[in-house]
Amino acid sequence: MVSVSGAMTDQELELLLNQTESELAERKESLAGEARDTIRQAICAFANDLPDHKRPGVVFVGAREDGSCARLAITEQLLLTLADMKTDGNILPLPSLSVSKRVL
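So, a few notes on the structure that sits alongside this text. Positions within a chain are numbered from 1, following the residues in the order the chain's sequence is written. Where local features are concerned, this predicted model is filtered to residues with pLDDT of at least 70; where side-chain atom pairs are given and counted, the filter is 80 or more; whole-chain, interface and lining totals use all residues. As a convention, hydrogens and water are excluded, and side-chain values are obtained from all of the structure's heavy atoms.

### Points about the nonpolar core
For soluble globular proteins, the rule of thumb is that nonpolar side chains tend to be buried together.
Piece 1. In plain words, nonpolar cores are sets of buried Ala, Val, Leu, Ile, Met, Phe, Trp, Tyr and Cys residues tied together by side-chain atoms within 4.5 Å. Remark: exposure states derive from per-residue accessible area (1.4 Å probe, protein chains only) relative to the maximum for the residue type, with buried under 20%, exposed over 50%, and partly exposed in between. If you look at the biggest cluster of nonpolar residues, it comprises twelve residues: Leu31, Ile39, Ala42, Ile43, Phe46, Val59, Val61, Leu78, Leu82, Met85, Ile91 and Leu97.
Piece 2. Elements with a minimum of two residues in this core: α2 (35-48), β3 (58-61) and α3 (76-84).
Piece 3. Strands are runs of DSSP state E lasting at least 2 residues, helices are runs of H or I lasting at least 4, and numbering of each runs from the N terminus. It is α2 that provides the largest number of residues to this core, a total of four residues.
Piece 4. Within the second largest apolar cluster, nine residues are counted, among which are Met8, Leu13, Leu16 and Val58.

### A closer look at the pairing of β3
Piece 1. Here β3 shows two buried faces, one formed by Val58 and Phe60 and the other by Val59 and Val61.
Piece 2. One ladder, built from four bridges, connects strand β2 (residues 25-28) with β3; its direction is parallel. Bridge pairing in β3 links Arg27 to Phe60.
Piece 3. By convention a crossover is right-handed if, when the strands point away from the viewer, the path from the first strand over the helix to the second runs clockwise. Once the chain exits β2 it traverses α2 before rejoining the sheet at β3, and the crossover so formed is right-handed. Being paired, for any two strands, means DSSP has found at least two bridges between them.

### Here's the deal with the side chain of Arg40
Piece 1. Turning to its location among the elements, Arg40 is positioned in helix α2.
Piece 2. Taking relative accessible area as the criterion, Arg40 reaches 15% and is therefore assigned buried.
Piece 3. N or O atoms closer than or at 3.5 Å make up a polar contact, with two conditions inside protein: a donor-capable atom paired with an acceptor-capable one, and, for residues adjacent in sequence, both atoms drawn from side chains. Engagement of the side chain of Arg40 in a polar contact is seen with the side chain of Asp88, the distance being 2.5 Å.
Piece 4. Should any heavy atoms of two residues lie within 4.5 Å, those residues are counted as being in contact. Excluding residues that lie within four positions of it along the chain, Arg40 makes contacts with Met85, Asp88, Asn90 and Ile91.

### Here's the deal with the pattern of salt bridges
Between side chains of opposite charge, a pair can form as their charged atoms come close.
Piece 1. Basic side-chain nitrogens of Lys or Arg form a salt bridge, by our definition, when they fall within 4 Å of a carboxyl oxygen of Asp or Glu. Applying the stated rule across the entire model yields five salt bridges.
Piece 2. In this structure, Arg40 and Asp37 form a salt bridge, with 3.7 Å as the shortest nitrogen-oxygen distance. Of this pair, Arg40 and Asp37 both sit in helix α2, three residues apart, which is roughly one turn of the helix.
Piece 3. Among the ionic pairs, Arg40 bridges to Asp88, the shortest N-O distance being 2.5 Å. Taken as a pair, Arg40 in helix α2 and Asp88 in the loop between α3 and β4 (98-99) lie far apart in primary sequence, 48 residues in all.
Piece 4. Residues participating in the shared-partner salt-bridge network are Asp37, Arg40 and Asp88.

Right, here's the structure in full:
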């Protein structure tokens, strides 16, 4: 899970994960294919908050579009890859971003 500002409780995250139509959530089964670019686009959208939600956006990595578990191993390398998206030069200006492993 990548949160683009602020911390959310597990209960808040579960509600957001199960809302299949939300402007505040992006779900990816893995980082394969175009997922990294899509995640960066979501981070930019969440950081800009054009709809003025005033709430953090969340990228759930290891979750299918319907919110179910994709059984992806969440490794330290995967977390580092996600955290590096903040400073790899592909998102400017730098967003507020936190990466954490959560079991929901």
